[in-house]
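Structure at a glance
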Amino acid sequence: MDKIDLRSDTVSWPTEKMRQAMAAAPVGDDVYGEDPTVNQLEKLAAEKLGKEAGLFVTSGTMGNVVSILTHCGRGDEVILGDKSHAFINETGNPAAYGGVHSWPIEVQPDGILPLEKIKAAIRADNVHYPITTLVCLENTQAAVGGQPLPVDYMDAVGALCHANGLKLHIDGARIFNAAVAVNEDVKRVVQAADSVQFCLSKGLCAPVGSMIVGSADFIRRARRIRKAMGGGLRQAGILAAAGIIALEEMTERLAEDHAVACILAEGLATIPHIQIDPSQIRTNIVLFSVDETSPLNAPQLAAALEKDNILIRPVYTQNFRAVTHYWITPERAQFVVERIRSYLT
Ligand code: TLP
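Residues numbered from 1 in each chain as written. Predicted model: local features only at pLDDT ≥ 70, side-chain atom pairs only at ≥ 80, totals over all residues. Heavy atoms only, no water.

**Things to note about the pattern of salt bridges**
How we decide: When a carboxyl oxygen of Asp or Glu lies within 4 Å of a side-chain nitrogen of Lys or Arg, that pair is called a salt bridge. Helix and strand definitions here come from DSSP, where helices need a minimum of 4 consecutive H or I residues and strands a minimum of 2 consecutive E residues; each element is numbered from the N-terminal end. Remark: exposure states derive from per-residue accessible area (1.4 Å probe, protein chains only) relative to the maximum for the residue type, with buried under 20%, exposed over 50%, and partly exposed in between.
Tallied over the full model, the rule gives 16 salt bridges. In this structure, E249 engages K17 in a salt bridge whose closest nitrogen and oxygen atoms are separated by 2.6 Å. Taken as a pair, E249 in helix α11 (residues 237-249) and K17 in helix α1 (residues 16-24) lie far apart in primary sequence, 232 residues in all. Close ionic contact of K43 with E47 constitutes a salt bridge, the shortest N to O distance being 3.4 Å. Of this pair, K43 and E47 both sit in helix α2 (residues 36-49), 4 residues apart, roughly one helical turn. The exposure class of K43 is exposed, given its relative accessible area of 55%. Assessed through its relative accessible area of 45%, E47 is described here as partly exposed. One connected set of salt bridges, linked through shared partners, spans D217, R220 and R221.

Below, the structure is given as structure tokens:
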């Protein structure tokens, strides 16, 4: 990768091995269910996450909306985090395309939606109300710095959902980061979930794609919604080939990205004008800010760093989000720290 790109893990390039596997992938027409590489990926994803079946989709956004529209009908309601990607960053698609109403609950700094708040949000059977059908949790919770959710919390939300006749969907765009952070098999992490969306294209480095996993019946219905949304793919084995490598070889190494995030955070903490708490770093997302007396504000610092081939995302005037991934080595993280120090001291 030619630049030090910390704007997201979505920017990660596919590995050389992925490119070779893509070129050599056996393919067929996936709308007919005939692409052997897609079929292999879908089976592998389901096995890895301990669910009956899997479905390849083009993106995390498609994975979430297809899942929500599969679980919910028009006039139904989904309970989700007020800082969740599905609520903030997906164009309001459950409402736009499925007539699904959202009830946002405040995400805590540790990524949790308090159980009692979820419970209180479940609608009573009343002619005035939408019908609560689904709870959606995001794990890791990106907006609060990639916080992984504890497994017993996931279990408790699952139990609450099922006791009330609701389904639980996980936006697991970074579910393998979460599993590594809580030191559990990913299967265990998502055990309570009825469906999970996870991305092949972020920390796992595949160029395109996400997976949905769930029961065989759920995936059969999701496949139909995916088709309705224009997501029926043809020789998608070219893409799935990279996804297979992502799942087989890239999940365990995510601990390295978390270690690099810590190097970055600890280095940043030594720089005047930077505000960061390195103890908050659990996965690959580093949130920090520059104080009011900093010689450069966030957009100015980002512009200066761009001249050093460092890309980093300013959030408003004082804040930054940096995301580590396969292409951010410890040396590159150190280099970023030193360049920032040079601009702020
Ligand atoms: N997140 C992107 C941006 O859209 C903000 C990023 O750079 O982090 N769920 C979560 C938790 C995500 O962070 C994202 C992407 C998605 C879903 C959507 O995935 P894509 O981009 O594949 O549609």
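**Topic: the packing of aromatic side chains**
To keep it simple, the criterion reads: Aromatic rings from Phe, Tyr and Trp, taking only the six-membered ring of Trp, are treated as a pair when their centres fall within 6.5 Å; an angle between ring planes under 30 degrees marks them as stacked, one over 60 as edge-to-face, and anything in between as tilted.
Under the definition given, this model contains 4 aromatic pairs. When the ring of F288 is compared with that of F320, the centres are 4.9 Å apart and the planes differ by 20°; the resulting orientation is stacked. In this pair, F288 sits in strand β10 (residues 285-290) while F320 sits in strand β13 (residues 319-323), placing the two residues 32 residues apart along the sequence. For F320, a relative accessible area of 2% gives the class buried.

**Topic: the state of the cysteines**
Two cysteines, two sulfur atoms, one covalent bond between them: this is a disulfide. Test applied: Note that a disulfide, as used here, is simply two cysteine sulfur atoms within 2.5 Å.
A full pass over the atoms with the stated rule returns 0 disulfides. The structure places no disulfide on C72, whose sulfur is separated from the nearest cysteine sulfur, that of C136, by 9.4 Å. Just so you know, C262 is unpaired, no disulfide at all, and the nearest cysteine sulfur is the one on C205, 19 Å from it. Residue C262 is classed as partly exposed on the basis of its relative accessible area, which comes to 26%.

**Notes on the sheet that holds strand β9 (residues 274-275)**
Basically, it comes down to this: Note on pairing: two strands pair once DSSP finds at least 2 bridges between them. Any pair of residues with heavy atoms lying within 4.5 Å of one another is described as a contacting pair. The axes are straight lines fitted to the C-alpha atoms, using for helices just the contacting stretch, and the angles between their N-to-C directions are given from 0 to 180°.
Judged by pairing direction, the sheet is antiparallel, and its 4 strands sit side by side in the order β9-β10-β13-β12 without closing on themselves. Looking at strand neighbours, the two that pair on one side only are β9 and β12 (313-315), the edges of this open sheet. Alignment of β9 against β10, held across 2 bridges, turns out to be antiparallel. If you follow I274 over to β10, its bridge partner there is V290. Sheet contacts for helix α12 (residues 254-268): β9, β10 and β13; angle to β10, the most-contacted strand, approximately 15°. Strands β10, β12 and β13 of the sheet are contacted by helix α13 (residues 298-306), whose axis makes an angle of about 40° with β13.

**Remarks on the pairing of β13**
Taking burial as the measure, the 5 residues of β13 include 4 buried ones, the bulk of the element. Sheet topology note: the β10/β13 ladder contains 5 bridges and is antiparallel. What sits directly across from I285, in β13, is V323. Here β12 hands over to β13 after 3 residues, with Y316 in that stretch at a positive phi of 55°.

**Things to note about the nonpolar core**
Quick note on the threshold: To form a nonpolar core, buried Ala, Val, Leu, Ile, Met, Phe, Trp, Tyr and Cys residues must be joined to one another through side-chain atoms within 4.5 Å.
L137, I175 and F198 are the most contacted members of the largest nonpolar core, which totals 56 residues. Contact partners of I175, with chain neighbours within four places excluded, come to L49, N139, I170, V186, V189, V190 and F198. In terms of nonpolar packing, the next biggest core, distinct from the first, is built from 30 residues, V260, L264, I271 and A304 among them.

**Structural notes on helix α10 (residues 216-228)**
Quick reminder of the rule: Expected helix span is computed as 1.5 Å times (number of residues minus one). The arc in question is the one traced by the directions running from the helix axis out to the C-beta atoms.
Taking 1.5 Å of rise per residue, the 13 residues of α10 would be expected to cover 18 Å, and the 19 Å separating its terminal C-alpha atoms lies within 8% of that figure. Among the residues making up α10, those that are buried are F218, I219, A222 and R226. For α10, the angular spread of buried residues about the axis comes to 90°, placing them on one side. Among the exposed residues of α10, those pointing more than 90 degrees away from its buried face are R220, R224 and A228. Against α2, β2 (53-57), α3 (60-71), β7 (195-199) and β8 (210-214) lie the buried residues of α10.

**Thoughts on the site of the ligand**
Selection criterion: Consider each residue's heavy atoms; a residue with any of them within 4 Å of a molecule or strand counts as near. Any N or O atom pair separated by 3.5 Å or less is treated as a polar contact, with the protein-specific requirement of one donor-capable and one acceptor-capable atom, and with residues adjacent in sequence counted only for side-chain atom pairs. Throughout, the Shrake-Rupley method with a 1.4 Å probe supplies accessible areas, and for residues the shown protein chains are the sole cover considered. Under the grouping applied here, Gly and all other residues not named as nonpolar or charged are polar, the nonpolar ones being Ala, Val, Leu, Ile, Met, Phe, Trp, Tyr, Cys and Pro and the charged ones Asp, Glu, Lys and Arg.
Lining the immediate surroundings of the ligand are 16 residues, of which S8, G60, T61, H85 and D171 lie closest. Between R174 and the ligand, the recorded distance is 2.9 Å, taken from a side-chain N or O atom to an oxygen atom. In the environment of the ligand, an oxygen atom lies 3.0 Å from a nitrogen or oxygen atom belonging to the side chain of K202. Here the ligand has 510 Å² of accessible area as a free molecule, and 83% of this is covered by the chains. Ranked by residue count, the leading element in the shell around the ligand is α3, at 3 residues. When its residues are assigned to classes, the shell around the ligand shows 1 nonpolar, 8 polar and 7 charged.

**Let's talk about the pairing of strand β5 (residues 131-138)**
Test applied: A clockwise path from the first strand over the helix to the second, with the strands pointing away from the viewer, defines a right-handed crossover.
In terms of residue burial, β5 counts as a mostly covered element, since 7 of its 8 residues are buried. With 5 bridges joining them, strand β3 (residues 76-81) and β5 adopt parallel strand pairing. When the bridges of β5 are listed, V78 appears paired with L134. Sheet analysis places β5 next to strand β6 (residues 167-172), joined by 5 bridges and oriented parallel. Counterpart to C136 in the pairing with β6 is H169. Of the crossover connections in this fold, the one passing from β5 over helix α7 (residues 151-163) to the parallel β6 is right-handed.

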